[in-house]
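Notes for the structure review
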Amino acid sequence: MNHELDERSRAVLEKLTDLRRSDAPTHGGHVLSYVYDSGLAELDALAREAAAAVQSLNALDPTTFPSIASMERDVVGFARTMLHGDDDVVGSVTSGGTESCLLAVKTARDLRNAAGRHAGTPTIVAPSTVHAAFGKAAHYFGLELVRVPVGPDGVVSADAIADAIDDRTALVVVSAPSYPFAAMDPVTDVARIATDHGLPCHVDACIGGWVLPWWGHEVAPWDFRVPGVTSISADAHKYGYAPKGASILLHRGRDRQAAQFFATTDWPGYPVVNPTMLGSRSAAPLAATWAITQRLGPDGFARLAERCRRATGSLVHLIEGIEGLRVVGRPTGPLLAVATDESVAADRRVDPHHWADEARDLGWVLQPQPSYVQSNGSRLPSTTHLTVTPVTESVLPDLAGTLAEAADLVRGVGPASAADALGSLPADVFAGPTLDAATADALLAALGLGGDAPLPPRLAPVMALIEAAPRTLAERLLVALFAGLSTP
Ligand SMILES: *Cc1c(COP(=O)(O)O)cnc(C)c1O
């Protein structure tokens with residue numbers, strides 16, 4: 001296995017090192033979304049070695065490569081215990097949160113079809129704050145996502161969920177917690193309502209699944225202890241600290257799990273049995289997840305959760321102390337959203353998008369979330385999202401200074417407006433059918449987006465555009481922007 005790279009290979013890797021220089025730093029706590037830094041170099045090294053050890057395997061066939069089945073049993077077992085499942089809880093390792101959510105929806109749809117319930121397009125009923133992966137699932141699998149409005153604290157009421165359920169409903173989804181606002185949905189009440197209607201209830205714990213089990217007793221029950229919870233997604237590549245490409249989807253009951261699979265003998269090739277969306281796939285994320293769970297054990301996860309908890313508590317306290325900003329609702333878990341505090345005079349308010357832009361200039365990457373109009377017309381505010389990781393604790397003094405300084409720099413500056421940008425666009429793009437690629441590129445260029453520098457240094461105007469433009473137009477332009485990135 002050990003092999004010294006020759007000169008040409010080393011030159012290739014140097015090129016990669018050069019390319020990597022433009023990336024945001026994945027370690028050290030300066031990026032407060034996307035990356036989950038345990039702060040333990042040992043864990044990263046272990047994951048890397050484990051991934052390398054299975055680099056040549058194909059997880060398509062665990063009968064040819066039984067180590068894959070072995071590791072998957074261990075990881076599913078670990079997750080099942082962590083989420084208080086009995087022996088009837090089974091599951092799989094998927095490639096990520098989105099795939100876990102997609103498969104939860106596909107499972108519910110197929111079980112509903114098998115039960116012969118055909119009353120029009122099936123629906124997923126979920127709070128507004130449910131992850132976009134469920135919108136994607138609805139789109140891919142021919143369902144409709146009913147987004148139930150949440151309150152100003154980001155929490156949905158169980159009654160509102162109940163009202164949205166009808167004979168088209170195939171699945172009810174709640175989050176533990178939600179990504180946008182870290183709101184804990186009322187899992188117990190919603191699961192009971194779902195059960196009363198004979199419906200499955202999925203808990204999306206993609207972000208909370210590997211950290212809430214050690215968060216403490218004030219978290220209301222949300223896992224398999226709650227009757228009526230039929231499946232849970234929990235991402236190992238978030239607070240499981242695994243490299244990207246690993247999530248767990250657990251089902252209560254083997255019959256439910258069977259509906260997740262796709263199997264066919266209806267072609268002249270090998271019999272196909274796929275628990276997940278892909279065919280041939282890497283075993284590397286599974287092996288890395290397996291190695292990390294073996295190494296950390298529940299105690300290791302508990303210690304890392306405690307670091308996240310202390311850092312989150314400090315951050316909430318700190319941000320509440322910055323004039324013009326407020327933390328949305330009561331975040332549960334190591335993430336939070338920050339909005340303008342509208343209880344102070346306009347000249348003392350801080351716009352979260354400007355704030356994030358200033359923080360970026362100071363070397364910290366925060367994630368902007370555009371405001372969102374719910375189906376009842378109420379508007380959820382523009383916010384800045386912060387994901388806290390164990391390493392955040394060690395950079396808290398620096399981060400605290402930055403957050404306060406960034407607020408000072410933009411206090412009293414009103415939100416960016418998209419009026420000029422939108423006014424500069426030809427009127428027919430608003431009424432028109434879908435834009436062709438050339439027109440979309442031209443619009444991007446007119447807006448100062450796309451091309452060699454896809455995004456301007458300030459994101460506040462881009463967020464303003466997303467908030468003000470018709471949704472289909474904004475989505476089309478974003479597609480053009482990202483498609484442009486990989487156009488040779
Ligand atoms: C991250 C996340 C997802 C999607 O997961 P990916 O791994 O990014 O595909 C789904 N739901 C929630 C609550 C999440 O935080």
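Note that the structure is predicted; figures quoted are calculated from it, not measured. (Residues numbered from 1 in each chain as written. Predicted model: local features only at pLDDT ≥ 70, side-chain atom pairs only at ≥ 80, totals over all residues. Heavy atoms only, no water.)

**Side note on the pairing of strand β2 (residues 123-127)**
For a regular strand, side-chain orientation follows a simple rule: the groups alternate between the two sheet faces. Most of β2 is tucked away, with five of its five residues classed as buried. Burial along β2 is two-sided: T123, V125 and P127 facing one way and I124 and A126 facing the other are all buried. For β2 and strand β3 (residues 144-148), the ladder comprises five bridges, and the chain directions are parallel. Note that in β3 the partner of T123 across the bridge is E144. As a crossover connection, the stretch from β2 through helix α5 (residues 133-141) into β3 is right-handed. Pairing of β2 with strand β4 (residues 169-175) involves three bridges; the strand directions are parallel. Within β4, the position partnered with T123 by the bridge is T169. (Buried < 20%, exposed > 50% of the residue type's maximum accessible area, 1.4 Å probe, protein only. Helix = DSSP H or I, 4+ residues; strand = E, 2+ residues; numbered from the N terminus. Pairing = 2+ DSSP bridges. Right-handed = clockwise from strand over helix to strand, strands pointing away.)

**A closer look at the side chain of N274**
Inspection of the secondary structure puts N274 in strand β9 (residues 272-274). In contact with N274, other than residues within four places in its own chain, are L60, F261, F262 and G279. (Contact = heavy atoms within 4.5 Å.)

**Comments concerning the environment of Y36**
Among the secondary structure elements, Y36 is positioned in the loop between α1 (7-20) and α2 (41-53). Judged by relative accessible area, Y36 falls into the buried class, the value being 11%. The spacing of Y36 and P152 is 116 residues in sequence and 28 Å in space, taken between C-alpha atoms. Excluding residues that lie within four positions of it along the chain, Y36 makes contacts with I207, H237, K238, Y239, Y241, K244, T387 and T389.

**Let's talk about the UniProt feature "modified residue: N6-(pyridoxal phosphate)lysine" (unreviewed entry) in the protein**
Under the local residue numbering, the UniProt record ascribes the feature "modified residue: N6-(pyridoxal phosphate)lysine" (unreviewed entry) to K238. By the secondary structure assignment, K238 is in the loop between β6 (231-234) and β7 (247-252). With a relative accessible area of 14%, K238 lands in the buried category. (UniProt positions renumbered as here; feature names shortened; annotations may be inferred.)

**Observations regarding the site of the ligand**
Around the ligand, a shell composed of G96, G97, T98, H131, Y179, D204, C206, I207, D235, H237 and K238 is seen. Here T98 contributes a side-chain N or O atom positioned 2.5 Å from an oxygen atom of the ligand. Note that an oxygen atom of the ligand is positioned 2.9 Å from one of the side-chain N or O atoms of K238. For the shell around the ligand, the per-class residue count stands at three nonpolar, five polar and three charged. (Near = heavy atom within 4 Å. Polar contact = N/O pair within 3.5 Å; in protein donor to acceptor, adjacent residues only side chain to side chain. Nonpolar A, V, L, I, M, F, W, Y, C, P; charged D, E, K, R; others polar.)

**Structural notes on the sheet that holds strand β1 (residues 89-94)**
Strand order in the open sheet formed by seven strands is β1-β7-β6-β5-β4-β2-β3, with mixed pairing between adjacent strands. Strands with a single pairing partner mark the edges of an open sheet, and in this sheet they are β1 and β3. For this sheet the average axis-to-axis angle between neighbouring strands, irrespective of direction, equals 20°. Sheet analysis places β1 next to β7, joined by six bridges and oriented antiparallel. (Axes fitted to C-alpha atoms, helices over the stretch in contact; angles between N-to-C directions.)

**Here's the deal with the side chain of T332**
Among the secondary structure elements, T332 is positioned in the loop between β10 (325-327) and β11 (335-340). Excluding anything up to four places from it in sequence, T332 contacts P177, A182, M184, L212 and V219.

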